Amino acid sequence: MSNIETLIKTLVEKHGKTRNSLMPVLQGIVKEEHFLSEEAMIAVAKELDLSAADVYGTASFYTFLDTVPRGKNIIRICKTISCHMKGKDEIIEALEDVLKIKVGETTHDKKFTLLTANCLGWCHKGPVMLVNDEVFPEINQQKAVEIIEGIAKASK
Amino acid sequence: MENKILKKVDYIFQESSINEIIDVVSKTLTKSPDDIILDIIDSGLKGRGGAGFPTGLKWKFTKNEDNPVKYVICNADEGEPGTFKDREILDTVAIKVLGGMTICGYSIGAKEGYIYLRGEYNFLLPKLNKIVDDFNKQLKSKGIDFNIFLKSGSGAYICGEESALFESMEGKRGEPRNKPPYPAVSGYNSKPTVINNVETLVYVTMICKMGVERFKELGTKDSRGSKVFSVSGDTPTPGIYELELGMPLADFIEDFGDGDTKAVQVGGASGHCVPRKHLKETIIGFEGIPTGGSMMIFNSTRSMYNVLHDYLEFFNEESCGQCTPCRVGCQQLLKGIESVKKGDRKPQYLDELKKLANTMKVAAKCGLGQSVANPFNSIVDNFREEIIY
Ligand SMILES: Cc1cc2nc3c(=O)[nH]c(=O)nc-3n(C[C@H](O)[C@H](O)[C@H](O)COP(=O)(O)O)c2cc1C
Ligand code: SF4
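Attention now goes to the site of ligand 1. Residues and elements named next belong to chain B. As a matter of local geometry, ligand 1 sits amid 19 residues, with G49, K58, N196, N197 and T200 nearest to it. Contact between ligand 1 and E162: an oxygen atom at 3.0 Å from a main-chain N or O atom of the residue. Side-chain polar atom of N196 to an oxygen atom of ligand 1: 2.9 Å apart, as the coordinates give it. Notes on ligand 1: free accessible area 610 Å², of which the protein chains cover 89%. Here the element with the most residues in the shell around ligand 1 is strand β4 (residues 193–197); it accounts for three residues. Here the residues of the shell around ligand 1 are counted per class, giving four nonpolar, nine polar and six charged.

This is how it looks when you write it as structure tokens:
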């Protein structure tokens, strides 16, 4: 059995072999693999007795269930109005600069993917970014760069 | 109507220990389900998720359904731009939410409760998992047959719409269902379900703790109780505030504005934009503009074109795409204001776009598409020049 099949078996055992477990199972895969590969979706379909198209249908609906390869760390910068007014554009510029990628892209070493997100729920403390599950409110260009450099060092 | 000056109160975020809340729950559960529901109806509590449906009635309809399996769901998908109070509630006083869910479960005859937490708030999970575990154990030791579980979303605003939330919990695309049937009849797993906002459930615990009469002293006749507001934008004091309902917006801006307020967006992207000249006569509450609590303040340096553009981009991306009026409507409204701005279209085109927004109000399948006309019309009507030039 491949690694991914083992992971899926464990997740299905934990959450139960029903359709209602599809979201937690897909979320569990993304947590480990950072995206849902075709292989993973087919294996989930088999395990939960669904059609692969059904699994892809659900996966492709959700922003956080990526079906294209992503970096180990996913950076999401809030782009909604309050953060916009607080200068999210400058944050994006600074990170594009230091990571040498554009929004939507992944670095060559597969460490970082840079994305924007709709309202992250921190409008009183913008601009804000999410790195994986962790929140960084009230950032500025310098802080944002330092945070990312810190994560890059830690994951060497 | 009684006019009040702005009243800051402090109930929601008052700390409570798990034992205190378990006590409130145990004491409440000595009453019959019908009596509790009557209390909640009598309190005048209305849902804090935006729509403002009377909470007690919702419970009563669900209780009246004859089904051995029912559910309580706490809607913690908070995604409306400008809203962040549910996060703070779950971060600081989650235990009160669990209390409200248990009281609801007993009242309607449900044995399971779920919290659907938006994926963006996953950082709360370790903490919430522990609180929920402890709470479930306490309930068990008291012989109360109710269990609470946590579910995560995955970054889709539309899953805050109740029927889309059920679909998501059932492992499907978060596409809203046709209504009726309403959740009281057919919700999660097609069983009778009560779905309430995080804040609503805290008020349930509060009402059971302080008593109906004390709760009714807060707010106005049409808007009982207090409300948690999420204040952001051009204000020296952004943050989360608990205020009594029924206040004129002018009083609010007196306190929170920066002296140069041009407009306030009440109720998030899907809410209404109120220009300065209407602040005095606008009442915040169910008798005026109801709100999920989002207050975004804009001063004279802001372009209302950019504000509207941001909102339309948001709806465009978050529309589930299931029905044509909304999928195509959102797209065309966005393209439309862009082309008027560029001069490719005459200013009168804005009136065509308003007709489209009004069509969406009646033809779209769910609240997302239906409410795009709120920001669109209120911004275009009040700031037409800014959209054109
Ligand atoms: C597009 C859309 C998004 C919504 N998002 C939320 C949300 O994030 N949280 C919430 O409590 N209600 C949300 N609602 C309202 C819910 O459908 C539902 O009315 C509410 O959870 C009921 O709880 P209440 O009666 O306690 O307010 C949303 C509605 C729509 C149409
Ligand atoms: S109104 Fe929009 S979000 Fe609602 S069902 Fe239709 S397409 Fe989906």
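The rest of the description comes next.
Under the defined criterion, the tally for this structure stands at two cavities of 30 Å³ or more. By volume, the largest cavity is sized at about 80 Å³. A breakdown of the residues in the lining of the largest cavity according to their chemical character gives eight nonpolar, four polar and one charged.

Looking now at the layout of surface pockets. Taken as a whole, the second largest pocket holds about 1,300 Å³ of empty space. Along the walls of the second largest pocket sit 37 residues, with Q27, G28 and K31 of chain A together with L125 and S152 of chain B positioned nearest its centre. Broken down by secondary-structure element, the contributors of at least two residues to the lining of the second largest pocket are α1 (3–15), α2 (22–33) and β1 (73–78) of chain A together with β2 (112–117), α5 (125–141), β3 (147–152) and α6 (162–169) of chain B. Here the lining of the second largest pocket takes seven residues from α2 of chain A, the largest share from any one element. Broken down by class, the residue content of the lining of the second largest pocket amounts to 15 nonpolar, 15 polar and seven charged.

Here we take up the domain arrangement of chain B. All names here are of chain B. Each assigned domain of chain B is listed here: domain 1 (18–216) and domain 2 (304–388). Each of domain 1 and domain 2 was reduced to a C-alpha centroid, and the two centroids are 33 Å apart. Summing both sides of the interface, domain 1 and domain 2 together bury roughly 820 Å²; the carbon and sulfur share of this comes to 69%. Its largest share of buried area at the contact with domain 2, domain 1 owes to Y157, I158 and P176, together 53% of the area lost on that side.

Criteria and thresholds
- Residues numbered from 1 in each chain as written.
- Chains lettered and ligands numbered in written order.
- Predicted model: local features only at pLDDT ≥ 70, side-chain atom pairs only at ≥ 80, totals over all residues.
- Heavy atoms only, no water.
- Near = heavy atom within 4 Å.
- Polar contact = N/O pair within 3.5 Å; in protein donor to acceptor, adjacent residues only side chain to side chain.
- Areas by Shrake-Rupley, 256 points an atom, 1.4 Å probe, with all protein chains shown as cover.
- Helix = DSSP H or I, 4+ residues; strand = E, 2+ residues; numbered from the N terminus.
- Nonpolar A, V, L, I, M, F, W, Y, C, P; charged D, E, K, R; others polar.
- 1 Å grid on protein atoms, 1.4 Å probe; cavity = no way out; pocket = protein on both sides within 12 Å on 5 of 7 lines; lining within 4 Å.
- Points joined across faces, edges and corners; volume = space filled by probe spheres on them.
- Domains from an automatic or database assignment.
- Buried area = accessible area lost by both parts, 1.4 Å probe.

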